[in-house]
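Here are the chains, one letter per residue:
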Amino acid sequence: MIRLLRAAIAATLLVVTPAFAHDGVTHLGAINISLPFTRATLPNAPVGGGFLTIENEGPEADRLVSATSAVAGDTQIHEMAMEGEVMKMRELPDGLEIPAGETVVLAPGGFHIMFIGLKQPFVEGETVPVTLTFEKAGSVEVLLPVEAAAADAPTAMGHAH
Ligand SMILES: [Cu+2]
């Protein structure tokens, strides 16, 4: 019985081990995720945005294929693109490629994670959990610190506009 229990615990540890956070960077295989943040939302705001930086240290391209979170009814990966003369955001149905050896930044005005149908407002100083799934590296939960509503970078970057 005890042996079974130990085996179960060991198996659990094996599943959890590949992802770990260090100095604010979440490591998942060849993928490093840093500078996560989101912005405070007004009460009853329908949507929120998630931002972070994804580095691929590996020799092969990977792809962020999905994002999920308990804070919203739906969570999507979006890009900003010109439609005629208007900048609009749209979902990337195939996710976002992270080329080998490159870094892709999700930031206001560009790629972002879109939380749709917020179940509660995002409050400055709290964190919003999001689970990111990569085609090759697998899944990892990242906590996005909630910054001020107009923030364009995490506080740690030292931005003061
Ligand atoms: Cu969006």
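The structure we're discussing is the one just above.
As a starting point, this report considers the structure included with it.

Analysis parameters
Residues numbered from 1 in each chain as written. Predicted model: local features only at pLDDT ≥ 70, side-chain atom pairs only at ≥ 80, totals over all residues. Heavy atoms only, no water. Donors = N, O, S within 2.8 Å, 3.2 Å for Na, K, Ca; no water. Tetrahedral: all angles 85-135°; square planar, octahedral: opposite > 155°, others 65-115°. Buried < 20%, exposed > 50% of the residue type's maximum accessible area, 1.4 Å probe, protein only. Helix = DSSP H or I, 4+ residues; strand = E, 2+ residues; numbered from the N terminus.

**Remarks on the coordination of the copper ion**
At the metal site, the copper ion is ligated by His 78 (ND1), Met 89 (SD), His 112 (NE2) and Met 114 (SD), and these contacts range over 2.0 to 2.2 Å. Coordination at the copper ion is tetrahedral: its 4 donor atoms span angles of 101 to 114° at the metal. Donor residues binding the copper ion come from one chain and are separated in sequence as H-x10-M-x22-H-x1-M. The pair His 112 / Met 114 is uniform in exposure class, with both members buried.

**Concerning unusual backbone geometry**
Even without a glycine there, the phi angle at Leu 35 is positive, about 50°. On the accessibility criterion, Leu 35 (34% relative accessible area) is partly exposed. A positive phi angle, near 70°, is found at Asn 44, a position not held by glycine. Position of Asn 44 among the secondary structure elements: in the loop between β3 (31-39) and β4 (47-56).

By themselves, these figures tell us nothing about what the structure is for.
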